[in-house]
Amino acid sequence: MYELIKNLGGWLTSGTQWSGSDGIAHRLAEHLQYSLLATLIAAAIGLPLGLLIGHTGRGAFLAINLASFGRALPTVGLVVLVFLAGGLSMLPVYVALVALAVPSIVTNTYAGMTAVDPDVKDAARGQGMRGHQVLLQVELPLALPLIMTGLRLALIQVVATATIAAYVSFGGLGRYVFDGLAQRDLVQVLGGAVLVAAVAIVLDLALSGLQRLLFRHRPAQTA
């Protein structure tokens, strides 16, 4: 075990390991690109859907059950299915990552909207606000902390799962995991896993700190 940890440390700190098209820096940039783009697409889908469901109260069954769908989603199976239908491209990877991220965004957005005090919404309507004004000026600002939590959870899930890009011969940190398995190189497999975990932890801490900074003067919303 000591020898394995020693070799892993050498692998992670080697200067040659960080340079070139197969270096850690390049693979990290690819991994972040896949993760951020997939999360942005998921947010463009999930946020309007969650806001609509939370504002109108219609489709709550969909929002509640999307969380279970996200946990049960066979990500690799979805990649293979889209790969067989659409051929070799990044499309299967993005489809799978977006499908994984949307449930967290929708359910947390819905939870944030339903946590807004109905009396506050009634007061806004009593002041003459129209439906879209209540949504954008009252409900959305109050629901924002939980919405950001959903975005944060979605991003971390996507970062952890973006290794599947290497499953269909693309890049990212998953390249080390799949190449290491093929070469029976345990150090490379562990190195890839450690890097993915480190990226997820750093992003989670950064987003959590940003969320606390932005809402430090606001009481926490509860679903």
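Reading guide: rules and limits
- Residues numbered from 1 in each chain as written.
- Predicted model: local features only at pLDDT ≥ 70, side-chain atom pairs only at ≥ 80, totals over all residues.
- Heavy atoms only, no water.
- Helix = DSSP H or I, 4+ residues; strand = E, 2+ residues; numbered from the N terminus.
- Buried < 20%, exposed > 50% of the residue type's maximum accessible area, 1.4 Å probe, protein only.
- Contact = heavy atoms within 4.5 Å.
- Areas by Shrake-Rupley, 256 points an atom, 1.4 Å probe, with all protein chains shown as cover.
- Polar contact = N/O pair within 3.5 Å; in protein donor to acceptor, adjacent residues only side chain to side chain.
- Phe/Tyr/Trp six-rings, centres within 6.5 Å; stacked < 30°, edge-to-face > 60°.
- Patch = residues over 30% accessible without salt bridge, like charges linked within 9 Å, V, L, I, M, F, W, Y side chains within 5 Å.
- Salt bridge = Lys/Arg side-chain N within 4 Å of Asp/Glu carboxyl O.

A. Up close: the overall build of the protein. Along the protein, the regular secondary structure elements total 9 helices and 0 strands. Within the protein, the proportion of its 223 residues that are buried is 43%. The contacts in the protein between residues at least 6 apart in sequence include a share of 75% that link residues at least 24 apart. Summed over all atoms, the accessible surface of the protein reaches about 11800 Å², with 67% contributed by carbon and sulfur.

B. Representation of the side chain of T39. Mapped onto the elements, T39 comes out in helix α2 (residues 24–56). Residue classification places T39 among the buried positions, given a relative accessible area of 9%. Reaching out from T39, the side chain makes a polar contact with the backbone oxygen of S35 at a distance of 2.7 Å. Setting aside residues up to four positions removed in sequence, T39 forms contacts with I105, L151, L155 and V158.

C. The arrangement of the side chain of N108 in detail. Relative to the helices and strands, N108 is located in helix α5 (residues 91–114). Take N108: its relative accessible area is 15%, and that puts it in the buried class. Once residues within four sequence positions are removed from consideration, N108 is found in contact with L146, I147, T149, G150 and L153.

D. Layout of the packing of aromatic side chains. The tally for this structure, following the rule as stated, stands at 3 aromatic pairs. Ring centres of W11 and Y176 lie 5.1 Å apart, and the angle between their planes is 90 degrees; on these two criteria the pair is classed as edge-to-face. Highlighted residues: W11 in helix α1 (residues 2–13) and Y176 in helix α8 (residues 174–183), separated in sequence by 165 residues. Comparing W11 with Y176 shows no difference in burial state: the two are buried.

E. Structural view of a nonpolar patch on the surface. A grouping of L37, I41 and I45 is seen on the molecular surface, where their side chains present a nonpolar patch of about 230 Å² in accessible area. Within the fold, L37 resides in helix α2.

F. Just the pattern of salt bridges, in detail. Counting across every chain of the model gives 4 salt bridges. Across the salt bridge formed by R27 and D22, the nearest N and O atoms sit 2.8 Å from each other. A relative accessible area of 12% places R27 in the buried class. Under the relative-accessibility criterion, D22 is labelled partly exposed at 39%. For D204, the salt bridge identified is with R152, shortest N-O distance 2.7 Å. Of this pair, D204 sits in helix α9 (residues 186–214) while R152 sits in helix α7 (residues 131–161), placing them 52 residues apart in sequence. When its relative accessible area of 25% is taken as the criterion, D204 is described as partly exposed.

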